[in-house]
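Residue-level structural notes
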Amino acid sequence: MEVTCLLLLALIPFHCRGQGVYAPAQAQIVHAGQACVVKEDNISERVYTIREGDTLVLQCLVTGHPRPQVRWTKTAGSASDKFQETSVFNETLRIERIARTQGGRYYCKAENGVGVPAIKSIRVDVQYLDEPVLTVHQTVSDVRGNFYQEKTVFLRCTVNSNPPARFIWKRGSDTLSHSQDNGVDIYEPLYTQGETKVLKLKNLRPQDYASYTCQVSVRNVCGIPDKAVTFQLTNTTAPPALKLSVNETLVVNPGENVTVQCLLTGGDPLPQLQWSHGPGPLPLGALAQGGTLSIPSVQARDSGYYNCTATNNVGNPAKKTVNLLVRSMKNATFQITPDVIKESENIQLGQDLKLSCHVDAVPQEKVTYQWFKNGKPARMSKRLLVTRNDPELPAVTSSLELIDLHFSDYGTYLCVASFPGAPVPDLSVEVNISSETVPPTISVPKGRAMVTVREGSPAELQCEVRGKPRPPVLWSRVDKEAALLPSGLPLEETSDGKLRLERVSRDMSGTYRCQTARYNGFNVRPREAQVQLNVQFPPEVEPGSQDVRQALGRPVLLRCSLLRGSPQRIASAVWRFKGQLLPPPPAVPVAAEAPDHSELRLDAVTRESSGSYECSVSNDVGSAACLFQVSATSCPRTTPTCCSGPRGSLTLSTPCSTTDSVSASESAQRPGEGHPGAACGEGAAAGVHPDRPPSAPQLRAISSPSLSDNTCHFEDEKICGYTQDLTDNFDWTRQNALTQNPKRSPNTGPPTDISGTPEGYYMFIETSRPRELGDRARLVSPLYNASAKFYCVSFFYHMYGKHIGSLNLLVRSRNKGALDTHAWSLSGNKGNVWQQAHVPINPSGPFQIIFEGVRGSGYLGDIAIDDVTLKKGECPRKQMDPNKVVVMPGSAAPRQPLPQLWGPVAAFLLALQR
């Protein structure tokens, strides 16, 4: 029996196998980059080894029908290397100059909706070897009391590598090991970063003063050579030591030239010195030469910590830090605090009162404060106390307390902050205390609680503060958690209570809070108010553009809806037909019944009422338009439902009753109409006689066209509802033998359509300049509802020319967003003939089909398609002889199909079994 099966498989013509048969996805990963080695590890996983800096190229070879979609993912790599999932239709993953963090396991997932997805993985191992680092550490310990001291030296060699490096220690040219020298110990310490080997020289001897080399090797994997580092150990080897020429805290005046020297006091080999600044880099103009740092004309912004570090790989680096403080003062503020004990918020005679004064200074603790009353120094007494540090206020704040406030205490108080003996200007703040000194109140001016402006215009929010003294106003947002102001700050201070916004956008709409600050006024609970900002913007409508097809005599309802806008209502809606103004629809009062949409009803679609309709919607700020292309279509007698629109979210379809069908005589009077294969809008038999009133319509709204077994010949300018994809590089062109360019390139493209008549139209891609290699043109079908499990797409293609690129058929699924899946692909020159393809698809929801033409390497690469048919059910199991092949003038005759061998084969097999 096994022999019988093998003979059957061998005798089946190869070109008939698998035609139109669904097959699950299969995948295989191959490499095409600079691999060092590809091998199987102990768990039967493929490992791809590559050197750091080389180019990684992985290809996922897939099979299956429809053609699977490929997605690459990565795991098991560095957390800092977040490889993003991506869909790669050319099935190739390429990484230039791969880094060590990009190693890990890469997965290729191929799926085509048939069976389970195919998942393959390969582990990418990135090899590298860094330069080793050698450091020396010494210890000295007492031995046998105080008779003598033992000195031990540790030479630590560290390196980063993959795979793990092998270490070799040498003294001079001799390799060291445990067995050869009792004074040497080689070990690997715990808890170290990278790979480390330590050479321990115990109880240092005279012969131990020598040259030591640490050699690291990854055994030449990926051609990575060995690396080495050498250190000369002498009896003077010592770690670095430093001292500074200035104090660790250096206070200077602005404008001075600052020079700091970092002096070496020890270290062998000679240490290297380096200056750094924290935070940020060294100031502009600063000069670091060796251990000397010079900063000319120092400014307050140059304050900070300056670090001098000395390294010689012996012991730990030596580090000295200078805290540079440039004297400065800014932001003088005051606070008035009524009697805290009695929780008062007003100044009252007989109660206590505290005035506080603060400046932001560097250094803060060096600031001194002086108080004056009515121009004279304030004198301390039992009722007048001056304190420097109040725990309830910022550090280094001076407070003047008035105990049991008298009328004589009213007056003007002046606080002066200064740096004694420094050329820094004093800062002062004045506070007036009188019966008119009252806490603040805040409110929004009348008519300003809501500010309405148009998007892109400036806006001004205002709050009024009353009281004496009048504090500044702090603005923040209310309606969004932790939201920032348009300035990017959480709080913004204004002295006049006005928040000014430039070029407002719709996301600035919301509630804003204004509140009084606690400084430069009363230190009491803040007063606050709110202002609403309303940003108006033009409407956005749906649909932007829509094709609506309906049978002759049937009604159509056109609806233009307001998606968003401010105001969120329609102020006016104007309908036009072919640019001419229409009277307002009487059945839908926009303002009352439908403030968010406008409708226009056509009671009966006719040839005259077909055309473009425009609804211009306004919301007093701007306008937007919905465009409808209404077509009166006929209904083929053999089709259960009339043709409906090719795309858009709303189309209407009406069942065809038998009473509306035309008679045989009427059909005979109109030759070419009424055949089952006629396309919508291409002269198919009318479902409603134009002179006969239609029967009562049965309207139903659907989300996509109902699918009928029609063939699109591209004879109509509307090309059966197909549209040009806006995201491609160029467009498909509709032409026939009469309209094509007489100077077109020879030896490419079809001379006529599939019918062979000069009037017949077809779609093609023109690959002459300015088209370039890889440019794509996409032709997108109407949106269809998936009412069956399987469909068959049949079409004729013509691919003639030495520069032919590729013709792809994609299926765009709409059930979970737009997802394009390859269903069929063909590349290269196929001769000067029309050939037919049958492509099975199984969409899971509403779908579109896309014809994608890809330009090849030159201008002799025109591709054409014609007679596209979409039918429910499976495709033919095998191709006919072929279904329809048109031989072009001057071309070779089509190749004859292989003879059918089933009869002789069956007889032969029966004879064998007997």
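Below is a short write-up of the structure. Predicted, not measured: the structure shown is a model, and the values here were computed from it.

Moving on to a nonpolar patch on the surface. A contiguous nonpolar surface patch, about 250 Å² in accessible area, is contributed by Met380, Leu385 and Val386. Residue placement: methionine 380 occurs in the loop between β30 (376–377) and β31 (384–387). Classification of methionine 380 by relative accessible area gives exposed; the value is 53%.

Here asparagine 808 is to be found in strand β60 (residues 806–813). By relative accessible area, asparagine 808 is classed as buried at 6%. In terms of polar contacts, asparagine 808 uses its side chain to reach the side chain of serine 825, at 2.6 Å. In terms of polar contacts, asparagine 808 uses its side chain to reach the side chain of glutamate 852, at 2.8 Å. Sequence-distant contacts of asparagine 808, defined by excluding residues within four places in its chain, comprise Arg776, His822, Trp824, Ser825, Leu826, Ile850, Phe851, Glu852 and Val854.

Bringing the sheet that holds strand β27 (residues 328–338) into the picture now. Reading across the sheet, the 5 strands line up as β31-β32-β28-β27-β43 and stay open at both edges, with mixed pairing between neighbours. Looking at which strands have only one partner, the edges of the open sheet turn out to be β31 and β43 (521–522). Where β31 lies against strand β32 (residues 398–402), 4 bridges are found, and the strand directions are antiparallel. Along β32, the bridge assignment pairs valine 386 with leucine 400.

Here 4 strands make up an open sheet; going across it, the order is β30-β29-β33-β34 and the pairing antiparallel. The sheet is open, and its two edges are formed by β30 and β34 (427–433), each paired on a single side. Both strand β33 (residues 411–418) and β34 contribute to a ladder of 7 bridges, which runs antiparallel. From the neighbouring strand, leucine 414 faces β34, where its bridge partner is glutamate 430.

What follows concerns the nonpolar core. One finds Tyr722, Phe795, Ile841 and Phe851 to be the most contacted residues of the largest nonpolar core, which totals 34 residues. Broken down by secondary-structure element, the contributors of at least two residues to this core are β57 (762–765), β58 (776–780), β59 (791–799), β60, β61 (819–827), β62 (833–841), β63 (847–854) and β64 (863–872). A per-element tally of this core places β59 first, with 5 residues.

A few words now on the packing of aromatic side chains. All chains considered together, the criterion is met by 12 aromatic pairs. When the ring of tryptophan 575 is compared with that of phenylalanine 628, the centres are 5.9 Å apart and the planes differ by 20°; the resulting orientation is stacked. With a gap of 53 residues between them, tryptophan 575 in strand β47 (residues 572–577) and phenylalanine 628 in strand β51 (residues 623–633) connect regions that are remote in the sequence. According to the relative accessible area criterion, tryptophan 575 is buried, its value standing at 1%. By relative accessible area, which is 2% here, phenylalanine 628 ends up buried. When the centroid spacing of 6.3 Å and the interplanar angle of 55° are considered together, the rings of phenylalanine 795 and tyrosine 797 count as tilted.

Glancing now at the environment of arginine 327. You can see arginine 327 is positioned in the loop between β26 (318–326) and β27. Among residues more than four places away in sequence, those in contact with arginine 327 are Val251, Val252, Asn253, Pro254, Val362, Pro363, Phe419, Ala422 and Val424. Polar contacts involving the side chain of arginine 327 include one to the side chain of asparagine 253, which spans 2.6 Å.

Here we come to the environment of aspartate 496. Along the chain, aspartate 496 falls in the loop between β40 (492–494) and β41 (498–501). Sequence separation between aspartate 496 and valine 473 is 23 residues; the distance between their C-alpha atoms is 7.4 Å. Here the side chain of aspartate 496 touches lysine 498 through a polar contact of 3.1 Å, landing on its backbone nitrogen.

This paragraph deals with the pattern of salt bridges. Tallying each qualifying case throughout the model produces 29 salt bridges. In this structure, the salt-bridge partner of arginine 812 is aspartate 725, at a minimum N-O distance of 3.5 Å. With arginine 812 in strand β60 and aspartate 725 in the loop between β55 (723–724) and β56 (733–735), this pair connects stretches of sequence that are 87 residues apart. Residues arginine 812 and aspartate 725 agree in their burial class; the two are buried. A salt bridge links arginine 812 to aspartate 820; the shortest N-O distance between them is 2.8 Å. As far as the burial class goes, arginine 812 and aspartate 820 line up, both buried.

Bridge count between strand β3 (residues 46–51) and strand β9 (residues 118–129): 5 bridges; the pairing is parallel. When the bridges of β9 are listed, isoleucine 50 appears paired with valine 126. Sheet analysis places strand β8 (residues 104–111) next to β9, joined by 7 bridges and oriented antiparallel. Bridging from a neighbouring strand, cysteine 108 pairs with lysine 120 of β9. Between the end of β8 and the start of β9, which pair antiparallel, lie 6 residues, with glycine 113 showing a positive phi angle near 85°.

Considering all chains together, one arrives at 9 disulfides under this definition. In this model cysteine 60 forms its disulfide with cysteine 108; the gap between the sulfur atoms is 1.7 Å. Between cysteine 60 and cysteine 108 the sulfur-sulfur dihedral comes to about -60°; the bridge is accordingly left-handed. With cysteine 60 in strand β4 (residues 56–65) and cysteine 108 in strand β8, this residue pair connects regions lying 48 residues apart in the sequence. With respect to class, cysteine 60 is no different from cysteine 108; both count as buried. There is a disulfide in this structure between cysteine 157 and cysteine 214, and the S-S distance comes to 2.0 Å. With the S-S dihedral at roughly -85°, the linkage between cysteine 157 and cysteine 214 falls on the left-handed side. In this pair, cysteine 157 sits in strand β11 (residues 148–159) while cysteine 214 sits in strand β17 (residues 211–217), placing the two residues 57 residues apart along the sequence. Across the pair, cysteine 214 and cysteine 157 agree in class, each one buried. Among the cysteines around cysteine 615, which has no disulfide bond, cysteine 560 carries the closest sulfur, lying 4.0 Å off.

What follows deals with unusual backbone geometry. Between lysine 468 and the following residue, proline 469, the backbone shows a cis peptide bond with an omega angle of -5°. In this fold, proline 469 is placed in the loop between β38 (464–468) and β39 (473–477). Positioned with a positive phi, arginine 219 is a non-glycine residue whose angle comes to about 60°. Summarising the element assignment, arginine 219 is placed in the loop between β17 and β18 (227–232). Residue arginine 219 is classed as partly exposed on the basis of its relative accessible area, which comes to 44%.

Analysis parameters
- Residues numbered from 1 in each chain as written.
- Predicted model: local features only at pLDDT ≥ 70, side-chain atom pairs only at ≥ 80, totals over all residues.
- Heavy atoms only, no water.
- Patch = residues over 30% accessible without salt bridge, like charges linked within 9 Å, V, L, I, M, F, W, Y side chains within 5 Å.
- Areas by Shrake-Rupley, 256 points an atom, 1.4 Å probe, with all protein chains shown as cover.
- Salt bridge = Lys/Arg side-chain N within 4 Å of Asp/Glu carboxyl O.
- Helix = DSSP H or I, 4+ residues; strand = E, 2+ residues; numbered from the N terminus.
- Buried < 20%, exposed > 50% of the residue type's maximum accessible area, 1.4 Å probe, protein only.
- Polar contact = N/O pair within 3.5 Å; in protein donor to acceptor, adjacent residues only side chain to side chain.
- Contact = heavy atoms within 4.5 Å.
- Pairing = 2+ DSSP bridges.
- Core = buried A, V, L, I, M, F, W, Y, C linked by side-chain atoms within 4.5 Å.
- Phe/Tyr/Trp six-rings, centres within 6.5 Å; stacked < 30°, edge-to-face > 60°.
- Disulfide = S-S within 2.5 Å.

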